[in-house]
Amino acid sequence: TAIFNGDKLVGELTALETRGMLRALGEAKGGIQVIQLSSSNEELVQVSIEIKSSESSISTSIENGQPTIQIEIKETGFIGDVSQRVILNEKKMQEIIQLYADAVENEVKQTVSKIQKDFKANTFDFAGTIRRAENLYWKQHYEQWEEIYPTLKVNVKAKTDITANGLEDSERRK
């Protein structure tokens, strides 16, 4: 995916970075997230999670006189494939869900950092978010935006869930 700053091409994203960008923008329409799960025999198990829905919100706050951006992602998927047999009890499902959330957060953080620091492109409209939510701050600092933007603190939080995971009701009650 090509990234522009105004009308100037400033860089390109890989397929995974593009998905990270789409997740941050709330525009991810599917895909597969692969996570690595440890197993009892100390081998890593590849778990493929098919993304069913993904949405996001971007907000801002002022902390110690500086703007901070929060990106919150809610994503739901289902297990599409597992590289070897794994007993999916409630504990293992919680581990998978946490690994899924960590993978989403890391992907989005890396993508935002690349766009923000390497390309200096306002792809996520952080300027507009700050202008709308913290107008007084924006009026006082908009002329310094080019210096503020590359160092802007961005927090990413993902909440994930896995549906239709094959657990029987009796296993879920334990």
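The structure displayed is predicted, hence computed values, not measured ones. (Residues numbered from 1 in each chain as written. Predicted model: local features only at pLDDT ≥ 70, side-chain atom pairs only at ≥ 80, totals over all residues. Heavy atoms only, no water.)

Asker: Would you mind going over the pairing of strand β2 (residues 8–12) with me for this structure?
Answerer: Relative to β2, strand β1 (residues 2–5) runs antiparallel, the two being bridged by four bridges. Looking at the pairing, asparagine 5 lines up with lysine 8 of β2. Counted along the chain from β1 to the antiparallel partner β2, the turn is two residues long, and its residue glycine 6 has a positive phi close to 70 degrees. (Pairing = 2+ DSSP bridges. Helix = DSSP H or I, 4+ residues; strand = E, 2+ residues; numbered from the N terminus.)

Asker: I keep staring at the side chain of serine 54 and nothing clicks. Help me out?
Answerer: Its place among the elements puts serine 54 in strand β4 (residues 44–63). Here serine 54 is in contact with Arg23, Gly26, Ala28, Ile73, Lys74 and Glu75, once residues within four sequence places are set aside. (Contact = heavy atoms within 4.5 Å.)

Asker: It is not clear to me how helix α1 (residues 15–25) should be interpreted in this structure. Could you clarify?
Answerer: For an α-helix the count is 3.6 residues per turn, leaving residues at separations of three or four pointing the same way. For α1, the full list of buried residues reads Glu17, Thr18, Arg19, Gly20, Met21, Arg23 and Ala24. Those residues of α1 that are buried lie in contact with β1, β2, β3 (32–38), β4, β5 (66–82) and α2 (90–119). (Buried < 20%, exposed > 50% of the residue type's maximum accessible area, 1.4 Å probe, protein only.)

Asker: Sorry if this is basic, but what is going on with the sheet that holds strand β6 (residues 153–162) here?
Answerer: Sheets are built from strands that pair by backbone hydrogen bonding, the pairs being arranged parallel or antiparallel. Taken in spatial order, the four strands of this open sheet run β3-β4-β5-β6, and their pairing is mixed. Lying at the two open borders of the sheet, with one neighbouring strand each, are β3 and β6. Averaged over all adjacent pairs, the angle separating strand axes in this sheet is 40 degrees, with direction ignored. Its contacts with the sheet put α1 on β3, β4 and β5, and the angle it makes with β4 is roughly 50 degrees. Sheet strands in contact with α2 are β3, β4, β5 and β6, and its direction is about 150 degrees off that of β6. (Axes fitted to C-alpha atoms, helices over the stretch in contact; angles between N-to-C directions.)

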